[in-house]
Amino acid sequence: MDCYALFQTAYNFFNEKLFDNILSDCLIVVARKGKARGYFWAERYNNKIDNTIVHEIALNPEFFKEDSVDRVLSTLVHEMVHLWQHDHGLKCPKTAYHNKEWAKKMKEVGLIPSTTGEEGGKETAARVSHYIEMDGEFDVACRELKKIIDPFIIKAIEYTPKETPKRIFKFICPKGCGQVAYGKETLYIHCGN
């Protein structure tokens, strides 16, 4: 099972266990976006075959290595709560704001919203993380899910960012001594001959 199949299986599992199968189909992608562990993009795609709108949930692979498997899967559920609010909530914010309705649903599924990602953080704001409620709905479901999938596929994904190649400039002495130096474009070189 590859990581996309694993995340789709996890999405379907959590949709059944935590959301009573009311969430619409969603494309799960692995994509980098700033410092966010994940994001929800409502109505990202239009399926031209049946003219349905498809949402996107992205998970950032930069965090897969440092985060526990439970943390990665809880990020998926965090974004699923955004999808729930978009499709079924009463007070869906126009921006990426985490409001009281979203926070209430997070707690119902066993994730505690927190601006710090730890106990004591604010539950609502533009940027809100969460922590897992021990023995809460998500925690119990996650343990069950890990019995039917190989969660270590997530840990096997190693994100290797491409480094921007550094440009090196060649400087030749204009006085004719033939000395050559290499460095940044802004390097100030003086001939000592």
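This text goes with the structure placed above it.
This report concerns the structure included in the present document. Treat the numbers as computed from the prediction; the structure is a model and nothing was measured. (Residues numbered from 1 in each chain as written. Predicted model: local features only at pLDDT ≥ 70, side-chain atom pairs only at ≥ 80, totals over all residues. Heavy atoms only, no water.)

Bringing the packing of aromatic side chains into the picture now. Summed over all chains, the structure comprises three aromatic pairs. Seen in terms of ring centroids, Phe7 and Phe64 are 5.8 Å apart; in terms of plane orientation they differ by 50°. Their pairing is tilted. On the criterion of sequence distance, the pair formed by Phe7 in helix α1 (residues 3-19) and Phe64 in the loop between β3 (52-59) and α2 (69-88) is long-range, its members being 57 residues apart. In this pair, the class of Phe7 matches that of Phe64, namely buried. Ring geometry for Phe13 against Phe14: centres 5.8 Å apart, planes inclined by 75°, an arrangement best described as edge-to-face. On the basis of relative accessible area, Phe13 is assigned to the buried category, the value being 10%. Owing to a relative accessible area of 0%, Phe14 belongs among the buried residues under this scheme. (Phe/Tyr/Trp six-rings, centres within 6.5 Å; stacked < 30°, edge-to-face > 60°. Helix = DSSP H or I, 4+ residues; strand = E, 2+ residues; numbered from the N terminus. Buried < 20%, exposed > 50% of the residue type's maximum accessible area, 1.4 Å probe, protein only.)

An order of β1-β3-β2 is seen for the three strands of this open sheet, with the pairing classed as mixed. The sheet terminates laterally at β1 (26-30) and β2 (38-47), the two strands that pair on one side only. Looking at each pair of strands side by side, their axes are set apart by 30° on average, direction ignored. Bridging between β1 and β3 involves five bridges; their strand directions are parallel. Looking at β3, one finds that Ile28 is bridged to Ile57. Along the sheet, α1 contacts β1 and β3; its crossing angle with β1, the most-contacted strand, is approximately 140°. Helix-sheet contacts for α2 involve β1, β2 and β3, and the interaxial angle to β3 is about 150°. (Pairing = 2+ DSSP bridges. Axes fitted to C-alpha atoms, helices over the stretch in contact; angles between N-to-C directions. Contact = heavy atoms within 4.5 Å.)

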